[in-house]
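Descriptive analysis of the structure
For reference, the chains in residue letters:
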Amino acid sequence: MQQVGIERIAAYEHHLLDYAKPRLAAIPGVRLIGTADHKASVLSFVLAGRDPEEVGKALNSRGIAVRAGHHCAQPILRRLGVERTVRPSFAFYNTTGEIDVFLQAVRDIADGVL
């Protein structure tokens with residue numbers, strides 16, 4: 001990390017977030033939770049008609065690791081009108097290609113394929 005530089009890593013992770021955010025939001029039934037412009041490269045979302053744990057398990061079945069639950073943030077989630085979310089995190093070792101695989105899996109779940 002020292003060789004690459006924390007600023008370059010942060011910029012790349014922000015690029016991944018900027019790549020994923022509008023594409024995930026465009027999937028029918030997806031509601032993004034927490035959409036601040038300046039944030040860590042983490043997205044939280046719910047999928048209409050699907051339990052977050054169900055979505056997390058379906059993604060896991062495709063080898064996609066996410067968190068599903070309340071993330072120790074129940075007060076703010078309740079304020080935003082949800083109890084639990086699905087939360088992918090993007091890091092400097094991820095690629096836009098991997099995000100595309102994740103997005104397709106969410107589309108499949110939304111369409112009832114998974």
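What you see is a predicted model; the values in this text were computed from it and never measured. (Residues numbered from 1 in each chain as written. Predicted model: local features only at pLDDT ≥ 70, side-chain atom pairs only at ≥ 80, totals over all residues. Heavy atoms only, no water.)

**Topic: a nonpolar patch on the surface**
Operational definition: To count toward a patch, a residue needs a relative accessible area over 30% and no salt bridge; like charges are then connected within 9 Å, while nonpolar side chains (Val, Leu, Ile, Met, Phe, Trp, Tyr) are connected within 5 Å. Per-residue accessibility takes into account occlusion by the displayed protein chains alone, with areas from the Shrake-Rupley method and a 1.4 Å probe. By convention in these notes, a salt bridge is any Lys or Arg side-chain nitrogen within 4 Å of a carboxyl oxygen on Asp or Glu. Working definition: helices are DSSP H or I runs of at least four residues, strands are E runs of at least two. Numbering for both runs from the N terminus. Relative accessibility under 20% of the residue-type maximum defines a buried residue, over 50% an exposed one, and the middle range a partly exposed one, all with a 1.4 Å probe and only protein chains included.
Where nonpolar side chains cluster on the molecular surface, the patch consists of Met1, Ile6, Tyr12, Phe92 and Tyr93 and spans about 570 Å² of accessible area. Turning to its location among the elements, Tyr93 is positioned in the loop between strand S4 (85–87) and helix H4 (96–110). Overall, the relative accessible area of 60% leaves Tyr93 in the exposed class.

**Description of the pattern of salt bridges**
Counted by the stated rule, this structure contains five salt bridges. Among the salt bridges present, the one from Arg84 reaches Asp51, with a minimum N-O distance of 2.8 Å. Linking Arg84 in the loop between helix H3 (74–79) and S4 with Asp51 in the loop between strand S2 (44–47) and helix H2 (52–61), this pair joins segments that are 33 residues apart in sequence. Exposure remark for Arg84: the relative accessible area of 30% places this residue in the partly exposed category. Residue class for Asp51 comes out partly exposed when judged on its relative accessible area of 28%. Bridged by salt links that share partners, the residues Asp51, Glu53 and Arg84 form one connected network.

**Remarks on the side chain of Ser44**
For clarity, the cut-off: A contact between two residues is defined here by any heavy atoms of the two lying within 4.5 Å.
Along the chain, Ser44 falls in strand S2. If sequence neighbours within four positions are ignored, Ser44 has contacts with Arg31, Leu32, Ile33, Thr85, Val86 and Arg87.

**Let's talk about the packing of aromatic side chains**
Note the cut-off: Any Phe, Tyr or Trp ring, taking Trp's six-membered ring, that has another such ring centre within 6.5 Å forms a pair; planes under 30 degrees apart are called stacked, those over 60 apart edge-to-face, and the others tilted. A ring has a charge above it when a Lys NZ or an Arg CZ is no more than 6 Å from the ring centre and no more than 35 degrees off the ring normal.
Enumeration according to the criterion identifies three aromatic pairs in this entry. Judged by centre distance (6.2 Å) and plane angle (70 degrees), the rings of Phe45 and Phe102 are edge-to-face. Of this pair, Phe45 sits in strand S2 while Phe102 sits in helix H4; the two residues are 57 residues apart in sequence, bridging distant segments of the chain. By relative accessible area, which is 4% here, Phe102 ends up buried. Here the aromatic cluster, defined as three or more aromatic residues joined through ring pairs, consists of Phe45, Phe90 and Phe102. Its end group placed over the ring of Tyr19, Arg23 keeps NZ or CZ at 3.7 Å from the ring centre.

**Section: the nonpolar core**
We count it as follows: In this text, buried Ala, Val, Leu, Ile, Met, Phe, Trp, Tyr and Cys residues form a nonpolar core when linked through side-chain atoms within 4.5 Å.
In this structure, Leu24, Val30, Phe45, Leu59, Phe102 and Val106 are the most contacted members of the largest nonpolar core, which totals 23 residues. Only helix H1 (6–25), strand S1 (30–33), S2, H2 and H4 provide two or more residues apiece to this core. The element best represented in this core is H4, accounting for six residues. Beyond its immediate chain neighbours, meaning those up to four positions away, Phe45 contacts Leu24, Val30, Arg31, Leu32, Ile33, Val55, Thr85, Val86, Pro88, Phe102 and Val106.

**Side note on unusual backbone geometry**
The phi torsion at His71 lies on the positive side, around 55 degrees, for a residue other than glycine. Looking at where His71 falls in the secondary structure, it is placed in the loop between strand S3 (67–69) and H3. On the accessibility criterion, His71 (22% relative accessible area) is partly exposed. Backbone geometry places Cys72, a non-glycine residue, at a positive phi of 55 degrees. When you line up the elements, Cys72 lands in the loop between S3 and H3.

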